[in-house]
Amino acid sequence: MFSPSQISELITAIKGRGEIPVKFDYVGEIGAKRWSAIAQKRGEDKHGINKAEADLLNAKAGAFIAPFNNIKKLNIIDIGAGDGSSALPLLNFLKATNIEFRYVPVDISQELLDLAVNNIKNIFPEVISKPVKLDFELGNFADITYQLKIDGSQNLMLLLGSTLGNQSDRQRILTNFRDSMTSEDFLIIGVELVNLNKIDKIIQQYCVKEVEDLVLTVAEYLGIQRSDGKYEVRFNNENSQIEGYFHFLKDKNLEFSKEKIVFERDDKILLFRSLKFTEWIFAKTLAEAGYRIEILTTSPEKGYSLVMCQPQRFTY
């Protein structure tokens, strides 16, 4: 299921940081199905981040497209695409305004790429999709973004679903994106904002069976059984993030790819993190990574924010 380099990264993360990187949970048929179950559940939630993000995209679609001059064709580069549903508000706007576009889902999971392409094809049969299997944590992908523009089209990159908050090294991710863009390209990022009065409600979103199933996908693949411990979720006040752990209630010895992995009773392994930003921290994070903000918009209840930005040119 994993490539040799992914196996090395996974073992190193477990033995070094005590973490199973959540990105690996999406790899394979089981992970894709479990992700889809979460997407369906959140899609039915009329007060969740999916709804807040979609409402903002619908309200600001015209403003997000306006900075592009003389559009011939737009490449919608949907990073961490999942099933492609997050991009639909923008795609619907482009279709309604007769702007030609190409859909470019980017994901670590081939199964999710196939799902996104099929979903978009069902809605927009005439649209060409160009899926890219890629781990965007590993470096820039300027070779891909450059080739997409050879036909005279322009690039709009999307990082939706509060995916940025799931990363351990957000500056590295933003640098990879920045180094894959020219000053003519734009990037839209969506993040969930922190509301200390609603922390208990936010934590509950991560305690549901669908989330537990997904974030334990790799743990179970390694041979960890749910009876070996318990799934725990907490809010880390110092880092302003939700964290999910597996707490071992007994000793557990594993062997994965000829490597022995030992957990003792009361050990914990990090399964995911989800940083909750403030508007100020969000803007500061982008500025430090070398971006200029074109548009910043926030949901009425101040629970979700979208930013459209582009690389800041070096000035002499």
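Our structure is the block above this text.
Residues numbered from 1 in each chain as written. Predicted model: local features only at pLDDT ≥ 70, side-chain atom pairs only at ≥ 80, totals over all residues. Heavy atoms only, no water.

Peer 1: I'm lost on the packing of aromatic side chains in this one. Help?
Peer 2: Note on aromatic pairs: each is described by the distance of the centres and the angle between the planes. All told, the structure shown has 11 aromatic pairs when counted by the stated rule. Aromatic side chains F141 and F177 sit 6.0 Å apart centroid to centroid with 75° between the ring planes, which places their arrangement in the edge-to-face category. Here the residue F141 occupies a position in the loop between β3 (132-133) and α6 (142-148), and F177 occupies one in helix α7 (residues 170-178), the gap between them amounting to 36 residues. The exposure classification of F141 matches that of F177, with both residues buried. Between the aromatic rings of F248 and F263, the centroid separation amounts to 4.4 Å while the plane-to-plane angle is 15°, which identifies the pairing as stacked. Taken together, the positions of F248 in strand β7 (residues 241-248) and F263 in strand β9 (residues 259-263) put the pair 15 residues apart, joining distant regions of the chain. Considered together, F248 and F263 belong to a single accessibility category, that of buried residues. (Phe/Tyr/Trp six-rings, centres within 6.5 Å; stacked < 30°, edge-to-face > 60°. Helix = DSSP H or I, 4+ residues; strand = E, 2+ residues; numbered from the N terminus. Buried < 20%, exposed > 50% of the residue type's maximum accessible area, 1.4 Å probe, protein only.)

Peer 1: Please explain the pattern of salt bridges as it appears in this structure.
Peer 2: Two side chains of opposite charge can pair, provided their charged atoms sit close to one another. Overall, the coordinates contain 28 salt bridges when judged by the stated rule. With its nearest N and O atoms 3.1 Å apart, the salt bridge here joins K33 to E29. Of this pair, K33 and E29 both sit in helix α2 (residues 29-44), separated by four residues, roughly a single helical turn. With respect to burial, K33 and E29 carry one shared label: exposed. A salt bridge links K73 to E100; its shortest N-O distance comes to 3.7 Å. Here K73, found in the loop between α3 (49-65) and β1 (74-79), pairs with E100, found in the loop between α4 (88-96) and β2 (101-107); they are 27 residues apart in sequence, far enough to count as distant. (Salt bridge = Lys/Arg side-chain N within 4 Å of Asp/Glu carboxyl O.)

Peer 1: Explanation requested: the packing of α3 against α4 in the structure shown.
Peer 2: In contact at an axis separation of 8 Å, α3 and α4 are set at 45° when each is read in the N-to-C sense. Classified by the angle between their axes, α3 and α4 sit oblique to one another. Seen along the crossing, α3 lies across α4 with a hand that is right-handed. Where α3 abuts α4, its residues A54, L57, N58, A61, G62, F64 and I65 lie against P89, L90, F93 and L94. Among the residues making up the contact of α3 with α4, the classes are represented as nine nonpolar, two polar and no charged. (Axes fitted to C-alpha atoms, helices over the stretch in contact; angles between N-to-C directions. Parallel < 35°, antiparallel > 145°, perpendicular 65-115°, else oblique. Left-handed = near helix turned anticlockwise from the far one by under 90°. Contact = heavy atoms within 4.5 Å. Nonpolar A, V, L, I, M, F, W, Y, C, P; charged D, E, K, R; others polar.)

Peer 1: Just checking my understanding: could you explain the side chain of Q241 for this structure?
Peer 2: Tracing the backbone shows Q241 in strand β7. When neighbours within four sequence positions are excluded, Q241 is seen to be in contact with R234, F235, N236, R273, S274, L275 and K276.

Peer 1: What am I meant to see in the sheet that holds β7 here?
Peer 2: Across a sheet, strands are paired by hydrogen bonds formed along the backbone, either parallel or antiparallel in direction. The sheet built from three strands is open, its strands ordered β6-β7-β10 with antiparallel pairing. In this open sheet, the two strands that pair with only one neighbour each are β6 (229-236) and β10 (268-275). Taking each pair of neighbouring strands and ignoring which way they run, the sheet shows an average axis angle of 20°. Sheet topology note: the β7/β10 ladder contains seven bridges and is antiparallel. Note on β10: the bridge partner recorded for E243 is R273. (Pairing = 2+ DSSP bridges.)

Peer 1: Before we go on, may I ask you to explain helix α1 (residues 4-16) in this structure?
Peer 2: Each full turn of the α-helix corresponds to 3.6 residues, which orients residues three or four apart in the same direction. Taking 1.5 Å per residue as the helical rise, α1 with its 13 residues ought to reach 18 Å, and the 18 Å between its terminal C-alpha atoms agrees with that figure. Taken residue by residue, α1 has Q6, I7, L10, I11, A13 and I14 as its buried positions. The buried residues of α1 occupy one face: seen down the axis, they fall within an arc of 160°. Exposed side chains of α1 directed beyond 90 degrees from the buried face belong to P4, S5, T12 and G16. For α1, the elements touching its buried residues are α10 (217-222), β8 (252-256), β9 and β10. Positive backbone phi, approximately 70°, marks G18, located one or two places after α1. (Expected span 1.5 Å × (residues − 1). Arc of directions from axis to C-beta.)

Peer 1: Teacher, can you tell me more about unusual backbone geometry here?
Peer 2: Negative phi values dominate among residues other than glycine, just as trans dominates among peptide bonds. Positive phi outside glycine occurs at S257, with the angle close to 50°. Mapped onto the elements, S257 comes out in the loop between β8 and β9. For D266, which is not a glycine, the phi torsion comes out positive at approximately 75°. For D266, a relative accessible area of 48% translates into the label partly exposed.

Peer 1: So what exactly am I meant to see when it comes to the environment of I30 here?
Peer 2: Examined against the element boundaries, I30 turns out to sit in helix α2. In this structure I30 comes out as exposed when scored by relative accessible area, which is 53%. For the pair I30 and V218, spaced 188 residues apart in the sequence, the C-alpha separation amounts to 9.7 Å.

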